[in-house]
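Coordinate analysis (summary)
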Amino acid sequence: MKIEILAGITTFITIAYILILNPQILADPYVIMGDTVMAGKISNGVFIGTCIGAFIGTILCALYAKVPFAQAPGMGLNAFFCLYRCISYGIYL
C-alpha cells in the first residue's frame, strides 16, 4: 500500500509539472519577440490541449489497455522545436 501511494503521488507531481511547463515552453518564442498578448493566448490553448491529451491518453491506458500508466506529452521535442528550431532559424509560430 505504501509503494502504491508513493507511486500515485509521484505520478501526480510529474503530470502537474508537465501541465505547467509545457505551455511556457511553447509560448517562449512569443515572449522573446515581445508579443505578450499572443504568448498568453498560446499558453492558454496549449494548457487546455495538454490537459485533454493527458486525460485521453491516461483513460485509454486504464480502460482499453488495462495498465496503470499515466500518459502526457513529452517535453524534449517541445523544447527542441521551440527553443532551437524556431528561434535559431527566425521562425516564429
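Residues numbered from 1 in each chain as written. Predicted model: local features only at pLDDT ≥ 70, side-chain atom pairs only at ≥ 80, totals over all residues. Heavy atoms only, no water.

Focus: the packing of helix H1 (residues 2-33) against helix H3 (residues 76-88)
Orientation of H1 relative to H3, taken along the N-to-C sense of each, is 10°, at an axis distance of 9 Å. In this view, H1 runs roughly parallel relative to H3, as classed from their interaxial angle. Residue-level contacts link Asn 22, Ile 25, Leu 26, Asp 28, Pro 29 and Ile 32 of H1 to Asn 78, Ala 79, Cys 82, Leu 83 and Ile 87 of H3. Class assignment of the residues belonging to the contact of H1 with H3 gives a composition of eight nonpolar, two polar and one charged. (Axes fitted to C-alpha atoms, helices over the stretch in contact; angles between N-to-C directions. Helix = DSSP H or I, 4+ residues; strand = E, 2+ residues; numbered from the N terminus. Parallel < 35°, antiparallel > 145°, perpendicular 65-115°, else oblique. Contact = heavy atoms within 4.5 Å. Nonpolar A, V, L, I, M, F, W, Y, C, P; charged D, E, K, R; others polar.)

What to know about the nonpolar core
Ile 18, Ile 25, Leu 26, Val 46, Met 75 and Cys 82 together form the largest nonpolar core, which totals six residues. The element that contributes the greatest number of residues to this core is H1, accounting for three residues. Those residues in contact with Met 75, other than ones at most four positions away along the chain, are Ile 18, Leu 21, Asn 22 and Ile 25. (Core = buried A, V, L, I, M, F, W, Y, C linked by side-chain atoms within 4.5 Å. Buried < 20%, exposed > 50% of the residue type's maximum accessible area, 1.4 Å probe, protein only.)

Notes on the environment of Ala 27
Within the secondary structure, Ala 27 sits in helix H1. Between the C-alpha atoms of Ala 27 and Gly 40, which are 13 residues apart in sequence, the distance is 7.5 Å. Contact partners of Ala 27, with chain neighbours within four places excluded, come to Ala 39, Ile 42 and Ser 43.

Some details on the confidence of the model for the chain
Chain-level pLDDT for the chain is 86 on average; 96% of the residues reach the 70-or-more range. Between the elements of the chain, mean pLDDT differs from a low of 75, seen in H3, to a high of 91, seen in helix H2 (residues 36-63). (pLDDT = per-residue confidence, 0-100.)

Examining a nonpolar patch on the surface
A surface patch of nonpolar side chains, amounting to about 970 Å² of accessible area, comprises Phe 47, Ile 48, Ile 52, Phe 55, Ile 56, Ile 59, Leu 60, Leu 63 and Tyr 64. In this fold, Tyr 64 is placed in the loop between H2 and H3. Overall, the relative accessible area of 74% leaves Tyr 64 in the exposed class. (Patch = residues over 30% accessible without salt bridge, like charges linked within 9 Å, V, L, I, M, F, W, Y side chains within 5 Å. Areas by Shrake-Rupley, 256 points an atom, 1.4 Å probe, with all protein chains shown as cover. Salt bridge = Lys/Arg side-chain N within 4 Å of Asp/Glu carboxyl O.)

Notes on the environment of Thr 36
By the secondary structure assignment, Thr 36 is in helix H2. A relative accessible area of 57% places Thr 36 in the exposed class. Along the primary structure Thr 36 and Tyr 89 are separated by 53 residues, whereas in three dimensions their C-alpha atoms are 21 Å apart.

Section: the packing of H1 against H2
Where H1 contacts H2, the axes come no closer than 8 Å and their chain directions differ by 150°. It follows that H1 is roughly antiparallel to H2 by the angle criterion. You can see that H1 and H2 cross each other, and the crossing is right-handed. Residues Ile 18, Leu 19, Asn 22, Pro 23, Leu 26, Ala 27, Tyr 30 and Val 31 of H1 pack against Met 38, Ala 39, Ile 42, Ser 43, Val 46, Phe 47, Thr 50 and Cys 51 of H2. Split by residue class, the contact of H1 with H2 holds 13 nonpolar, three polar and no charged. (Left-handed = near helix turned anticlockwise from the far one by under 90°.)

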